[in-house]
Amino acid sequence: MAQHDLPELIYIYDAYCGWCYGMSPVIVQAQANFADEVAVNVLSGGMLAGEQAEPISEGWEYIQTAMPQVERATGVHFGEAYRQLGEQGTHWQDSAVPARALYVFRQLDEWQRVAQFAHDIQLALFRDGLDLNQAATYEALLPGYGIHAAMFRHLFDQPDTAAAVRQEFEAVRRIGIQGFPTVVLRVGSQGYVLARGFQPYDVFAAGLTQALAQAREE
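The notes below deal with the structure included here.

Scoring rules and cut-offs
Residues numbered from 1 in each chain as written. Predicted model: local features only at pLDDT ≥ 70, side-chain atom pairs only at ≥ 80, totals over all residues. Heavy atoms only, no water. Salt bridge = Lys/Arg side-chain N within 4 Å of Asp/Glu carboxyl O. Helix = DSSP H or I, 4+ residues; strand = E, 2+ residues; numbered from the N terminus. Pairing = 2+ DSSP bridges. Core = buried A, V, L, I, M, F, W, Y, C linked by side-chain atoms within 4.5 Å. Buried < 20%, exposed > 50% of the residue type's maximum accessible area, 1.4 Å probe, protein only. Contact = heavy atoms within 4.5 Å. Axes fitted to C-alpha atoms, helices over the stretch in contact; angles between N-to-C directions. Parallel < 35°, antiparallel > 145°, perpendicular 65-115°, else oblique. Left-handed = near helix turned anticlockwise from the far one by under 90°. Nonpolar A, V, L, I, M, F, W, Y, C, P; charged D, E, K, R; others polar.

### Comments concerning the pattern of salt bridges
This model, assessed by the stated rule, comprises seven salt bridges. Residue Arg-186 pairs with Glu-8 through a salt bridge whose shortest N-O separation is 2.4 Å. Taken together, the residues Arg-186 in strand β5 (residues 182–187) and Glu-8 in strand β1 (residues 8–13) connect sequence positions 178 residues apart. Residues Arg-106 and Glu-168 are paired through a salt bridge, measuring 2.6 Å at the closest nitrogen-oxygen approach. Of this pair, Arg-106 sits in helix α4 (residues 96–108) while Glu-168 sits in helix α8 (residues 159–174), placing them 62 residues apart in sequence.

Below you can see the structure in the form of structure tokens.
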């Protein structure tokens, strides 16, 4: 089947969401293992966009408490550079900027690798402590995908891209997403919520297999 004919696995995440950082490798693995059964898409939820954008110092006390829990549950690692970013406290967190990068990547990548790119954005922040407000952070990720930085930057800077991201945030709100990560399987007009929060791969894969089987029976 062509990708556009397959059921769609929609991963709703935010670049600044620590539990999403743990869930993204699960989605990447599922995309590889279910490549003939689902098409994977990633939507940005806008957790820290608009009035919710804030310096990292605002949530750092909670983040410090949550990091060990996320590491134990998911196996991801928060790097020393990110911890230093939190201790400094001035880094500005605005979900709209990485969401623009992800939106542009979806327009330019013909190989459906958006889940890996979403995780690469999080590695840049949570492992390497890089600034997600800078286009150069995303451009450094592009050579591995064969995407030209000049084209990426052109689209990244377009007002239409910022407007499309605002519409994406609004669409996520309209379908009633309460938190991140959330994963939905869409088959035709039917939607199946597969995960609210992190799930280990084996649990997630079993749920996806069951949902696909149920969809085929309906």
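### Here's the deal with the pairing of strand β6 (residues 190–196)
Strand direction decides the pairing type here: β5 and β6, joined by six bridges, are antiparallel. Bridge assignment links Arg-186 to a residue of β6, and that residue is Gly-191. Counted between consecutive antiparallel strands, the loop separating β5 from β6 contains two residues, among which Gly-188 sits at a positive phi close to 60 degrees.

### Regarding the nonpolar core
Of all hydrophobic cores here, the largest spans 60 residues; its most connected members are Tyr-82 and Phe-204. Per-element accounting of this core gives the leading share, nine residues, to helix α5 (residues 114–127). When residues no more than four places from it in sequence are discounted, the contact partners of Phe-204 are Leu-9, Met-23, Val-26, Ile-27, Ala-30, Val-183, Leu-194, Ala-195 and Gln-199.

### Thoughts on the environment of Val-104
Secondary-structure assignment places Val-104 in helix α4. For the pair Val-104 and His-154, spaced 50 residues apart in the sequence, the C-alpha separation amounts to 9.5 Å. Ignoring sequence-local partners within four residues, the contact set of Val-104 consists of Phe-152, Leu-155, Phe-156 and Thr-161.

### A word on the packing of helix α1 (residues 18–33) against helix α2 (residues 60–74)
Put simply, α1 and α2 touch, their axes get as near as 9 Å, and they point 15 degrees apart. Considering the angle they form, α1 stands roughly parallel to α2. For the crossing formed where α1 meets α2, the hand is right-handed. Contacts from Gly-18, Trp-19 and Gly-22 of α1 reach α2 at Tyr-62, Gln-69, Val-70, Ala-73 and Thr-74. Looking at the contact of α1 with α2 residue by residue, the classes come out as four nonpolar, four polar and no charged.

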